[in-house]
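Coordinates in review
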Amino acid sequence: MTITRKVIKDISLVLLSVFLVLSFTACGEGFWEEEVDPENQIIPEGEVDSISGLTMQVDKESGKLNISRKEFDKAEIPEDGVWTIFVYLCGTDLESRNGMGTDDMEEMKKAASSDKVRFVVQTGGTDGWLSDVEDDVIQRFVIQGGSITKVHETDNKSMGSPDTLSDFLIWGTKEYASEHMGLIMWNHGGGSITGVCFDELYDMDSITLMEMDSALLSCAETSGRKFDFIGYDACLMGTVEVANVLATYSDYMFGSEEMEPGSGWDYTAIGDFLANNPEADAGDLGRVVCDSFLEACKKQKDDSLTTLSVIDLSKMDNLLISFNDFAKSMYSVGENSAEIGEMIRGIEETDNFGGNNKTEGYTNMVDLGGICDACTTYVAGAEAVKTALSDAVVYKISGDTHPNASGLSIYYPLAIQGSNELSLFSKVSVSPYYLSFVDRQNNTGATDNSFESYDEEQWFEDGEQWDWGESSDDSYWNYLDDYEQTGESSFITFSEEPSVREDGSYGLTLDENGIDNSAGICAIVYELSEDGKNILEIGETTDVRGDWDSGSFSDNFDGYWLSLPDGQNLATYIVEETQDYVIYTSPILLNGEETNLRMKQYYSDEHVEIEGTWEGISEEGASAREIVKLKNGDVITPVYFAFSVDDDKEESEYSGQEFTVSGDMDIQYDMMPVGQYYYSFCIDDIYGDYYLSDNALFDIDEDGEITFITE
């Protein structure tokens, strides 16, 4: 059977042998404190005050969603058969470190020569171009017929500003109006909360969804028309919340649920297709964008994580209406404590994107179809949402890690990174009932207010109507500001406390209340450092057996662990599990720089393939795009969470020994060395806290036998 697993939260640990009490600070925290500490994390603030082209309202009495989108029909569209694709190319470190922006402009230049196809590119947002493009000004280029021509230049300003985007689009749609027009946002993406186009010259300022709405509205009111498509050559932007905004301003959307591996889209293939098929519509083009992107990823052996979808935005309103009905039923399930526990355990196991673990950070983007599947037994309307979703997603591709990705993700708080995150979500949420579902769970855990007393009517203005984009005063979400996870959740209760049982296993039994309030269970393993001065966390394991019907669980640990060729155990955390393999991530130093080693272990023969290193989610919420392959001479240093044996309050990062890559590097999966280790159960509750059991000390002997030690 499958044990529900949730990402590890902060941990409060009691080691039986040394009576240490250790604490992590954590909800949503990644490994490197300076990158994802919730108190320091930069989540976009100060949304623009925009008059949106979108009106979404829910009447309290009927509970039905009504949608109205502004029409832009004053422009005379040229019948010239020309495709103009505007590319908002915010270079950041993708350009300054790897020249990816330069490479893509070269790909545009190499496309088949045609007077029916042109790319109009605005550059900026990086502290160094690996080409003749200048980094101290905003420049605009027309790429057509095998040549690149600079056509405009202006003072530098943030590419993360909606004004910079609207200036480019208003100028471009006037100067280069054509029968077909598309827009590509090029850069890092962060999903529904942090948005896209992070400018490294302006403190990684990004364009959030509300700012995107403002910029596109300004352009549409001036041009009097929609784009044929808006696409994101960026990670994680294939979301319901993004598609909802774009549906007012575009016919189609192209976006990826997952991070974008490799160097991004194939612009030569895009240009060639349009040169040879100028009569093609945006739906046809979207298929080429998807297929050529997947092919490029396969050539670089980066295709396992690949996703990309073509969304017919004319179908979004039907999807949103059905989702609101579904969300109302989803919220109502909270009246049954047993059902909501089972439902949330299913949601926690749903396909999610962008890491979502303690070493790489959190995006909280979860597959919409997967949420429907997790809830279908308990929630009315799940099948209607899936049908509407299938209608909207007209084409999609995916690698073997996400074979069942539905094409659109949605925000779900696997681990919240501060009150401002929920404040931003409240303004882009597509349903007051889904917002209430999210808020009620977190509010209950953070404030100890009664779950049953939560009132969703607070989102309805004057008690009558909910309006999109105006869901809350930012100060409402301050309940999270002083919240700290306890590691001793009062919602997790037992009929048998965690202990070493008579049969020699380490186990526990949840009572009915504990079962109803549990979101997932995993185990955490620790070892003593070589010098005996630190307790090192070597990661999480799902080697737990049991079932939720009885609430009885026990260890199923076999003593095997992943290690470097020199025998050093790696601190491993689960990224993704499929039927065929599991992907692990491990915090390391690579040539002295903080990053994460990604590994894929196959169940058939336990062999491990190294995918490369990935930096994860930045403190600003931007997803790293490139998985960097290891090369000869690279120096890897494993890194661990560590706590001093002498001072139980001293938390540190412990570095292992340097290992130099030479030739083909094999990750070992072997029995851990003879010695004593520690094993603890970590049980997440459904409200954002967790319970960490006392640690059980166990021995591994020369024959690989594991013995748990009683006091």
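The rules behind the values
Residues numbered from 1 in each chain as written. Predicted model: local features only at pLDDT ≥ 70, side-chain atom pairs only at ≥ 80, totals over all residues. Heavy atoms only, no water. Helix = DSSP H or I, 4+ residues; strand = E, 2+ residues; numbered from the N terminus. Rg over C-alpha atoms; globule rule 2.2 N^0.38 Å. Buried < 20%, exposed > 50% of the residue type's maximum accessible area, 1.4 Å probe, protein only. Contact = heavy atoms within 4.5 Å. Areas by Shrake-Rupley, 256 points an atom, 1.4 Å probe, with all protein chains shown as cover. Lys, Arg positive; Asp, Glu negative; His and termini not counted. Charge placed at Lys NZ, Arg CZ, Asp CG, Glu CD. Salt bridge = Lys/Arg side-chain N within 4 Å of Asp/Glu carboxyl O. Expected span 1.5 Å × (residues − 1). Pairing = 2+ DSSP bridges. Axes fitted to C-alpha atoms, helices over the stretch in contact; angles between N-to-C directions. Phe/Tyr/Trp six-rings, centres within 6.5 Å; stacked < 30°, edge-to-face > 60°. Lys NZ or Arg CZ within 6 Å of the ring centre and 35° of its normal. pLDDT = per-residue confidence, 0-100. Polar contact = N/O pair within 3.5 Å; in protein donor to acceptor, adjacent residues only side chain to side chain. Patch = residues over 30% accessible without salt bridge, like charges linked within 9 Å, V, L, I, M, F, W, Y side chains within 5 Å.

1. Here we look at the overall build of the protein chain
Of the regular secondary structure elements, the protein chain holds 15 helices and 39 strands. For a compact globule of 711 residues, the expected C-alpha radius of gyration is about 27 Å, and the protein chain comes in at 26 Å, within 12% of that figure. By its C-alpha atoms, the protein chain is 85 × 65 × 40 Å across when sized along the principal axes. Expressed as a percentage of the 711 residues in the protein chain, the buried residues total 62%. Long-range contacts, defined as pairs at least 24 residues apart, comprise 70% of the intrachain contacts of the protein chain with a sequence gap of at least 6. Carbon together with sulfur atoms contributes 41% to the accessible area of the protein chain, which is approximately 25,900 Å² in total. Each charge class in the protein chain can be summarised by its mean position, and for the 40 positive and 143 negative side chains these summaries are 9 Å apart.

2. A few points about the pattern of salt bridges
What the rule picks out here adds up to 17 salt bridges. The closest approach of N and O atoms between Lys 60 and Glu 457, which form a salt bridge, is 3.7 Å. With Lys 60 in the loop between strand S3 (54-59) and strand S4 (65-69) and Glu 457 in the loop between helix H14 (432-447) and strand S20 (465-467), the pair connects residues that are 397 residues apart, well separated along the chain. By relative accessible area, Lys 60 is classed as partly exposed at 29%. Note that Lys 600 and Glu 611 form a salt bridge whose closest N and O atoms lie 3.5 Å from each other. Taken together, the residues Lys 600 in strand S30 (residues 593-602) and Glu 611 in strand S31 (residues 608-614) connect sequence positions 11 residues apart.

3. Examining helix H9 (residues 316-332)
Because the α-helix completes a turn every 3.6 residues, residues three or four places apart line up on one side. If you check H9, its first and last C-alpha atoms are 24 Å apart, about what 17 residues at 1.5 Å a residue would give, namely 24 Å. The set of residues buried in H9 consists of Met 316, Leu 319, Leu 320, Ser 322, Phe 323, Asn 324, Phe 326, Ala 327, Ser 329, Met 330 and Tyr 331.

4. Some remarks on the sheet that holds strand S25 (residues 544-546)
If you trace the 4 strands from one edge of the open sheet to the other, you get S21-S22-S26-S25, paired in antiparallel fashion. Looking along the sheet, the strands with just one partner apiece sit at the ends: strand S21 (494-500) and S25. Shown here is a sheet whose adjacent strand axes are inclined to one another by a mean of 15°, direction ignored. Bridging between S21 and strand S22 (residues 506-510) involves 4 bridges; their strand directions are antiparallel.

5. Focus: the packing of aromatic side chains
For the structure on display, the rule yields 38 aromatic pairs. Relative to Tyr 176, the ring of Trp 171 lies with its centre 5.6 Å away and its plane at 70°, an arrangement referred to as edge-to-face. Comparing Trp 171 with Tyr 176 shows no difference in burial state: the two are buried. Aromatic rings pair up to connect Tyr 506, Phe 557, Trp 561, Tyr 677, Tyr 679, Phe 681, Phe 698 and Phe 708 into one cluster. Stacked on the ring of Tyr 331, the Lys or Arg Arg 440 has its end atom at 4.1 Å from the ring centre. Above the plane of the ring of Trp 186 lies Arg 625, whose end atom (NZ or CZ) is 4.9 Å from the centre.

6. Observations concerning the confidence of the model for the protein chain
When pLDDT is averaged along the protein chain, the result is 90, and 92% of the positions lie at 70 or above. Counting interchain partners and residues more than four positions distant, the pLDDT-below-50 stretch residues 1-43 has 164 contacts.

7. Let's talk about the sheet that holds strand S5 (residues 83-90)
Spatial ordering of the open sheet is given by S8-S7-S6-S5-S9-S13-S14-S15-S18, a layout of 9 strands whose pairing is mixed. Here the strands that pair on one side only, and so sit at the sheet edges, are strand S8 (147-155) and strand S18 (393-398). Between one strand axis and the next, the sheet turns through 15° on average, direction left out of account. The pairing of S5 with strand S9 (residues 180-186) spans 7 bridges and is parallel. Paired with Val 87 across the bridge in S9 is Ile 184.

8. Quick notes on the side chain of Gln 139
Checked against the element boundaries, Gln 139 lands in strand S7 (residues 137-144). Owing to a relative accessible area of 2%, Gln 139 belongs among the buried residues under this scheme. Here Glu 134 takes part through its backbone nitrogen, which lies 2.9 Å from a polar atom of the side chain of Gln 139. Other than its neighbours up to four places away in sequence, Gln 139 contacts Val 121, Gln 122, Thr 123, Val 133, Glu 134, Lys 150, His 152 and Glu 153.

9. Observations concerning a negative patch on the surface
A surface patch of negative charge is lined by Glu 61, Glu 461, Asp 462, Glu 464 and Glu 470. Relative to the helices and strands, Asp 462 is located in the loop between H14 and S20.

10. Description of helix H10 (residues 337-348)
End to end, H10 covers 17 Å across 12 residues, agreeing with the expected 16 Å (1.5 Å per residue, within 8%). All buried positions along H10 are accounted for by Ile 340, Gly 341, Met 343, Ile 344, Arg 345, Ile 347 and Glu 348. Against H9, helix H11 (368-375), H14, helix H15 (512-516) and strand S23 (518-528) lie the buried residues of H10.

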